[in-house]
Amino acid sequence: MSKFLEVRNLNVSFPTEDGMVRASNGVTYSVGLGETLAIVGESGSGKSVSNLAVMGLHNPTRTEISGEAILNLKSGSVDVISADTETVRKLRGKEMAMIFQDPMSALHPFFSIGDQIAEAWHLYNKGSKADGKNKALEMLELVGIPDAAKRINDFPHQFSGGMRQRAMIAMALVNNPSLLIADEPTTALDVTVQSQILSLLKELQIKFNMAIILITHDLGVVAEFADRICVMYGGRIVEDGTVEDIFYQPKHPYTLGLLNSVPRITAGTSHRLKAIPGQPPSLINLPKGCSFAPRCEYTSKVAGGKCSTEVPTLDVKNAGHLSRCFLSTESLNNLVKDKA
Amino acid sequence: MLKYVSRRILYTTILLLIVSLSIFYIFDLIPMDPARLICSKQCTPALVEANRHRLGLDVSVIEQWWRFIVGLFAGRTFGEDGIGQFCSAPALGYSFPRHECVTTIVANAFPFTLSLAVGAFIMWISVGVSLGVLSARKKGKFADRAASVFVLVGTSLPTFISGILILLFIVLKFNLVNPLELGDWHNPFTEPIGWLNTFFFPCATLALAYAATYTRFTRSNVIETSSEDYIRTARAKGLTERVILRKHTLRAALAPIVTIAGLDFAGLLGGAVITEGIFGLNGLGKLSIKAVTQTYDLPIIVATTLIASTLVLVANLLVDITYAFIDPRVRAE
């Protein structure tokens, strides 16, 4: 069965004076209705860039995009990468919506919250101004804005950070889209507000049977929220699996490193966090082989120094669990055990 | 909002009082004595003193200033008691060289200056903003490059060059305006053609320099606003590029232009000295230059200086109030 969104072999590059910035290289992922896919990676790993390409939000004159991103709509399938801009525009807001990291800068400072939500509704619905306002009010109540009838005429600067993100969610969902891309939706928020926003998203996902792509660098957020996880590094997906797969049987040294750098409440106070040494690769000059090789502690264990000459493929290591590493599951497990 | 406006009006009034007092002090310091200037060849100290009394310069600066302020509201008699000249409120002074109330002189000059300022303002805003938006949308393409040539020419040609070039090589060469009618006053409402005849080219001269600056300013503001997150949000909603530009981008990009446009306009209302001079328009600019360089007509200088500074302050106030309507974040405070 095909999923709602299927991204296949997506490449996004930006030509610059210094050379081609390859922000996303052969990225493949999919997400079904009612499902949550988390895309995890550090800044510059290509997670936002890939999803902005799905939304068609890159400037076409400054971006080179190839590959496929197929939306399986009720009315048929559309490849949003090859479709013309007008077709994709009509899908934005209606079939796929996006919320962003900083809701303060993502909301227009000169228009009231209610107007901004109503504007999105009017785009795909016929109705009077009053209808639009009622719809905006309904959405604000749905996302849990207290005293929504009074706050509807407020401007973004009069809202708190969490409420702004709620308003963004209300605006994104006003036309009942099937796919919501949430680009680090909680990064700019307080920890307590973060969990409120995430549970709101979960609640709305069930209500609307939406596919959600959650872009984040926070593994803690992912664990309780996602069904599947894609780990990205240097513009490539390096590991792809269920939450259990990724957290309990990571099969890529980068994922291992990420997990080691997260504090655990059970680890005790004497346990020091382990950072991954080195810097993320330049996207202009990606390493010839595995992009993680320069920072990987296991490269010497791979026969023939393949890590620095050949790009490993994203192989199935277990049912539904893929990893981009030359090491077999057993040898990686043994190496980790030896170290511990 | 009401509190904000009334507080601003109060500040503006206080500032105006300070500015006017400073002007009186500055003219007191200038080493030139109007009482001696209007004295005949057989000048005696007694005559100078008499003149000084007649001109109202024999009292302290504060007293002169206070008489001026009172005259503004109540009208004032200038000169000796009995044979003095009465000017009704608002009395800005009396010009002895011209034997006329300054208010009348200014009122005759102001329509020229106002016409010039309004005409130029309309031209430079429409040309500057639309060229700016165009070149922002076509960044790096032909239209953008053509616009930047215009910007370069406009900003590097001073008005005294561009004005003379326009006058000699366009207006007079092609006989567009009869040189004898240059600078004639026509009422814009009853004789629009005559008014255009007088004011089109002076306005264009003045607008050229401003339009160039505004093109540049609009262009960079639109480009900057286009990369804001909320424009990406507007696009993510599925809005068309047209709506994004007209509603979301321009609203934010043009807000700061309101500020400088208001101030530039007010500055012009004080008189455009060079343009008025080239095209023979008897506006405030020409009036003050003449008063400073030829007749040393102190009351006129005081009046035109005060009018210019008042207009700038009032424009500042209006701009701030307008801005509060445009940007809700300003309103909140």
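So, here is what we can say about the structure in this document.

Here is what the cut-offs are and how they apply
Residue numbers here run from 1 along each chain, matching the order of that chain's written sequence. Each chain gets a letter, beginning with A, and each ligand a number, beginning with 1, in the order they are written. Per-residue local features of the predicted model are confined to residues with pLDDT of at least 70, and side-chain atom pairs are confined, for both listing and counting, to 80 or more; whole-chain, interface and lining totals are unaffected and use all residues. Excluding hydrogens and water, the side-chain figures rest on all heavy atoms present in the structure. Each helix is a run of DSSP H or I of at least 4 residues and each strand a run of E of at least 2, with the numbering of both proceeding from the N terminus. Atoms counted for the radius of gyration: C-alpha only. Globule rule: 2.2 Å times the number of residues to the power 0.38. Contact definition: two residues touch when any of their heavy atoms are within 4.5 Å. Per-residue accessibility takes into account occlusion by the displayed protein chains alone, with areas from the Shrake-Rupley method and a 1.4 Å probe. Put simply, a disulfide is two cysteine sulfurs that come within 2.5 Å. In this scheme, a residue with accessible area under 20% of its type's maximum is buried, one over 50% is exposed, and one in between is partly exposed, where area comes from a 1.4 Å probe on protein chains only. Using a grid of 1 Å spacing that covers the protein atoms alone, one calls a set of points a cavity when a 1.4 Å probe fits there but cannot get out, and a pocket when the set is open and has protein on both sides within 12 Å along at least five of seven lines; lining residues are those with an atom within 4 Å of a point. Grid points are joined across faces, edges and corners, and a volume is the space filled by probe spheres set on the points. Only Asp, Glu, Lys and Arg are considered charged, only Ala, Val, Leu, Ile, Met, Phe, Trp, Tyr, Cys and Pro nonpolar, and every remaining residue, Gly among them, polar. Between N-to-C directions, angles cover 0 to 180 degrees, with each direction set by a line fitted to C-alpha atoms, over the stretch in contact for helices. Whether a crossing is left-handed or right-handed is set by the direction in which the near helix is turned from the far one by less than a right angle, anticlockwise for left-handed and clockwise for right-handed. In short, DSSP must find at least two bridges between two strands for them to pair.

Within chain A one finds 12 helices and 12 strands. Against the globule reference of 20 Å for 340 residues, chain A gives a C-alpha radius of gyration of 21 Å, in line with a compact fold. Its C-alpha atoms put chain A at 70 × 50 × 45 Å along the principal axes. Sequence-distant contacts, at least 24 apart, represent 65% of the contacts inside chain A between residues at least 6 apart. Here chain A has roughly 15,300 Å² of accessible surface; of this, 51% comes from carbon and sulfur atoms.

A separate point is the state of the cysteines. Cysteine pairs can be covalently joined through their sulfur atoms, and such a bond is termed a disulfide. All names here are of chain B. Here the structure, examined in full by the defined rule, presents one disulfide over all chains. The disulfide that involves C87 links it to C101, with 1.8 Å between the sulfurs. Between C87 and C101 the disulfide shows an S-S torsion of about -95°. By sign, it is left-handed. A residue pair is termed long-range when its members are at least 10 positions apart, and C87 in strand β2 (residues 85-87) and C101 in strand β4 (residues 100-101) qualify at 14 residues. Owing to a relative accessible area of 1%, C87 belongs among the buried residues under this scheme. Take C101: its relative accessible area is 14%, and that puts it in the buried class.

The next thing to look at is empty space enclosed by the protein. Taken as a whole and judged by the stated rule, the model has four cavities of 30 Å³ or more. Computed from the structure, the largest cavity encloses a volume of approximately 100 Å³. Along its surface, the largest cavity is lined by A:G93, A:A97, A:M98, A:A120, A:M168, A:M171, A:A172, A:V174, A:N175, B:T233, B:A236 and B:K237. Mapped by element, the contributors of at least two residues to the lining of the largest cavity are β6 (96-99) and α7 (161-173) of chain A together with α9 (229-237) of chain B. Of the residues assigned to the lining of the largest cavity, the class counts are eight nonpolar, three polar and one charged. Computed from the structure, the second largest cavity encloses a volume of approximately 90 Å³. In the lining of the second largest cavity, the residues fall into 12 nonpolar, two polar and one charged.

Here the focus is helix α4 (residues 113-124) of chain A. Taking burial as the measure, the 12 residues of α4(A) include nine buried ones, the bulk of the element. Those residues of α4(A) that fall on the buried side of the exposure criterion are A:I113, A:G114, A:Q116, A:I117, A:A118, A:E119, A:A120, A:W121 and A:Y124. If you follow the buried residues of α4(A), they end up packed against α2 (85-91), α5 (129-142) and α7 of chain A together with α9 and α10 (241-269) of chain B.

Before going further, it helps to examine the packing of helix α7 (residues 159-172) of chain B against helix α8 (residues 192-226) of chain B. Residue and element names in this part refer to chain B. The N-to-C vectors of α7 and α8 enclose an angle of 140°; their axes lie 9 Å apart at closest approach. For the pair α7 and α8, the sense of crossing is right-handed. On the side of α7, the interface is formed by T159, S162, G163, I166, I170 and V171, while α8 contributes F201, T205, L206 and L208. When grouped by side-chain class, the residues that make up the contact of α7 with α8 number six nonpolar, four polar and no charged.

Residue and element names in this part refer to chain A. Here C307 shows up in the loop between α11 (253-260) and β11 (315-318). Taking relative accessible area as the criterion, C307 reaches 10% and is therefore assigned buried. In the structure, C307 is positioned 13 residues away from P294 in sequence and 9.0 Å away in space, judged by C-alpha atoms. Residues within four places of C307 in sequence aside, it is in contact with G289, C290, A293, T299, V302 and F326.

Moving on, we get to the sheet that holds strand β4 (residues 64-73) of chain A. All names here are of chain A. Spatially, β2-β1-β4-β5 is the arrangement adopted by the four strands of the open sheet, whose pairing is antiparallel. Each edge of the open sheet is held by one strand with a lone partner, namely β2 (19-31) and β5 (76-79). Taking each pair of neighbouring strands and ignoring which way they run, the sheet shows an average axis angle of 15°. Alignment of β4 against β5, held across four bridges, turns out to be antiparallel. Looking at the pairing, L73 lines up with G76 of β5.

Attention shifts here to the layout of surface pockets. Its volume calculated, the largest pocket comes out at about 1,600 Å³. Residue lining of the largest pocket: 39 residues in total, with A:H58, A:N59, A:P60, A:R62 and B:R235 positioned closest to the centre. Of all the secondary structure elements, the ones that give two or more residues to the lining of the largest pocket are α1 (47-55) and α2 of chain A together with α5 (102-137), α8 and α9 of chain B. When its residues are assigned to classes, the lining of the largest pocket shows 16 nonpolar, nine polar and 14 charged.

Residue and element names in this part refer to chain A. On the basis of which strands lie adjacent, the open sheet formed by eight strands has the order β6-β7-β8-β3-β9-β10-β12-β11 and mixed pairing. Only two strands of the sheet have a single partner each, and these edge strands are β6 and β11. For this sheet, the mean angle separating the axes of adjacent strands, direction not counted, is 25°. The pairing of strand β7 (residues 179-183) with strand β8 (residues 211-216) spans five bridges and is parallel. When the sheet's bridge partners are listed, L180 is paired in β8 with I212. Against the sheet, α7 contacts β6 and β7, and its axis sits at roughly 170° relative to β6.

By themselves, these figures tell us nothing about what the structure is for.
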